[in-house]
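Listed here are the chains, written in short residue letters.
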Amino acid sequence: MFAVLAAAVVSAAPVAVHSYTSGEAQFSANTWLVETARGVVVIDTQFTVSEGKAVRKKLESLGKPLLAVLLTHAHPDHVNGTAEVLAGQKVPVVALAGVKTVLDALDAPKRAYWGPQLKGEYPKTTVFPTQLVKPGETVTFDGVAFTAHDLGEGESADETVWATGAHAFVGDLVMYKVHPWLAEGHSGAWLTSLERAKALTGFEKVYPGHGVAGGRELFDWQRGYLEAYRKNVKELAKGQPTLSDQAKKELEARMEKVLPKAGLAMLVAMSADAVAAELK
Ligand SMILES: [Zn+2]
């Protein structure tokens, strides 16, 4: 009996999970703040300087020190606010090595695209992860263990599920009840990654990168959306790698029926050609 107890992994449970969500102009991105007995672990850091500052304010309102920043994936609406969240503190910024590789590749093109539009709201420099983990590796802060599951391609080229006890922070593997970014053209791989996420055990609560938290049914909801999007793009593309402007309008109308009055609707047309090329 004692041997069994000694062999068990000792991990404290989080005290509470708090959230910060940006406005739609900053893509309604979620930051999750995991409160432990003596500190806070922040998961993802928002898109703009102001949103990063807002996360810092939320963190300070909890009255406990920042222990670490964990990143789910390399898109700018999840990593850009890191400097503002850290506010000069030296705590680990943790990501899968694969996520760091994607961030290395995306940093310059994303900065070139968004920098001139956002001016001072785009961070002057990118904070890169300071601690890299391997798939399946666990990091522990204040006795609370977080395991980094590498799910591979999804909304971005590499997605992490950060799991601790009953909680799983899944980044944009789930964009719950908003229209997702599919313009990187790996919607098929995303479906496979969702099945792999469903095979992970131990957690019941799922915290998405966009949209409200829920149970494990969020994975099936995301699958349903992706299947509907792919079916409609396939019908409208008629074997071509792009959609006409008229076909994109029809796609928007069809996806509005699938998910009425939802956020990030501008992404429906923006993603169409990439998925048409993928399905060709
Ligand atoms: Zn996102």
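Residues numbered from 1 in each chain as written. Predicted model: local features only at pLDDT ≥ 70, side-chain atom pairs only at ≥ 80, totals over all residues. Heavy atoms only, no water.

Asker: What is the right way to read the overall build of the protein from this model?
Answerer: Counting its regular elements, the protein contains ten helices and eleven strands. In terms of overall size, the protein behaves like a compact globule, its C-alpha atoms giving a radius of gyration of 19 Å where 280 residues would be expected to give roughly 19 Å. If you line up the protein on its principal axes, its C-alpha atoms span 65 × 50 × 30 Å. Every one of the 280 residues in the protein was classed for burial, and the buried ones make up 52%. Taking the contacts inside the protein whose residues are at least 6 apart along the sequence as the reference set, 67% of them involve residues at least 24 apart. Here the protein displays about 12200 Å² of accessible surface, and carbon together with sulfur accounts for 58% of that area. For the protein, the centre of its 29 positive side-chain charges and the centre of its 31 negative side-chain charges are spaced 2 Å apart. (Helix = DSSP H or I, 4+ residues; strand = E, 2+ residues; numbered from the N terminus. Rg over C-alpha atoms; globule rule 2.2 N^0.38 Å. Buried < 20%, exposed > 50% of the residue type's maximum accessible area, 1.4 Å probe, protein only. Contact = heavy atoms within 4.5 Å. Areas by Shrake-Rupley, 256 points an atom, 1.4 Å probe, with all protein chains shown as cover. Lys, Arg positive; Asp, Glu negative; His and termini not counted. Charge placed at Lys NZ, Arg CZ, Asp CG, Glu CD.)

Asker: Where do I start with the sheet that holds strand 3 (residues 40-43) in this structure?
Answerer: What holds strands together in a sheet is hydrogen bonding between their backbones, with the strands either parallel or antiparallel. Taken in spatial order, the six strands make up an open sheet running 1-2-3-4-5-6, and their pairing is mixed. Looking along the sheet, the strands with just one partner apiece sit at the ends: strand 1 (16-21) and strand 6 (131-133). Within this sheet the neighbouring strands show an average axis-to-axis angle of 25°, counted without direction. Here strand 2 (residues 30-35) pairs with strand 3 via four bridges, running antiparallel. The partner of Glu35 across the bridge, within strand 3, is Val40. Of the strands in this sheet, strand 1, strand 2, strand 3 and strand 4 (66-70) touch helix 2 (residues 49-61), which is tilted by about 150° from strand 1. Contacts from helix 5 (residues 97-118) reach strand 5 (93-96) and strand 6, with the element oriented near 95° to strand 5. (Pairing = 2+ DSSP bridges. Axes fitted to C-alpha atoms, helices over the stretch in contact; angles between N-to-C directions.)

Asker: I keep staring at the coordination of the zinc ion and nothing clicks. Help me out?
Answerer: Bound to the zinc ion on the protein side are Asp77 (OD), His78 (NE2), Asp172 (OD) and His210 (NE2), at distances that span 2.0 to 2.3 Å. For the zinc ion, the single-chain donor residues occur in sequence as D-H-x93-D-x37-H. Within this pair, whereas His78 is found in helix 3 (residues 76-79), its partner Asp172 is found in strand 10 (residues 167-175), the two being separated by 94 residues in sequence. (Donors = N, O, S within 2.8 Å, 3.2 Å for Na, K, Ca; no water.)

Asker: So what exactly am I meant to see when it comes to the side chain of Glu35 here?
Answerer: As for its placement among the helices and strands, Glu35 is situated in strand 2. In contact with Glu35, not counting residues within four places along its chain, are Pro14, Val15, Ala16, His18, Val40 and Lys64.

Asker: I tried to follow the packing of helix 6 (residues 187-199) against helix 7 (residues 217-237) on my own but got confused; where do I start?
Answerer: Helix 7 packs onto helix 6 with a crossing angle of 165° between their chain directions and a minimal axis gap of 10 Å. The orientation of helix 6 relative to helix 7 falls into the category roughly antiparallel. In this structure, helix 6 meets helix 7 at a crossing whose hand is left-handed. Residue-level inspection shows Ser187, Gly188, Trp190, Leu191, Leu194, Glu195, Ala197 and Lys198 of helix 6 in contact with helix 7, the latter providing Phe219, Asp220, Gln222, Arg223, Leu226, Glu227 and Arg230. Within the contact of helix 6 with helix 7, the residues separate by chemical class into six nonpolar, three polar and six charged. (Parallel < 35°, antiparallel > 145°, perpendicular 65-115°, else oblique. Left-handed = near helix turned anticlockwise from the far one by under 90°. Nonpolar A, V, L, I, M, F, W, Y, C, P; charged D, E, K, R; others polar.)

Asker: It is not clear to me how the packing of helix 7 against helix 10 (residues 272-279) should be interpreted in this structure. Could you clarify?
Answerer: A pair of packed helices is characterised by two quantities: the angle between their axes and the separation of those axes. Where helix 7 contacts helix 10, the two axes come as close as 9 Å, and the packing angle between them is 80°. Considering the angle they form, helix 7 stands roughly perpendicular to helix 10. Where helix 7 abuts helix 10, its residues Tyr229, Arg230, Val233, Lys234 and Ala237 lie against Ala272, Val275, Ala276, Glu278 and Leu279. For the contact of helix 7 with helix 10, the class distribution of residues is seven nonpolar, no polar and three charged.

Asker: I would appreciate a short explanation of the packing of aromatic side chains in the present structure.
Answerer: Each aromatic ring pair is summarised here by two numbers: the centre-to-centre distance and the angle between the ring planes. Following the criterion strictly, the structure yields eleven aromatic pairs and no others. Ring plane angle 20° and centroid distance 4.5 Å describe the contact between Phe169 and Tyr207, whose orientation is recorded as stacked. In this pair, Phe169 sits in strand 10 while Tyr207 sits in strand 11 (residues 205-210), placing the two residues 38 residues apart along the sequence. Residue Phe169 is classed as buried on the basis of its relative accessible area of 0%. Where Tyr176 meets Trp221, the ring centres are 5.3 Å apart and the plane angle is 85°; that geometry is what we call edge-to-face. Linking Tyr176 in the loop between strand 10 and helix 6 with Trp221 in helix 7, this pair joins segments that are 45 residues apart in sequence. The ring of Phe203 has Arg216 sitting right over it, with the charged end atom 4.5 Å from the ring centre. (Phe/Tyr/Trp six-rings, centres within 6.5 Å; stacked < 30°, edge-to-face > 60°. Lys NZ or Arg CZ within 6 Å of the ring centre and 35° of its normal.)

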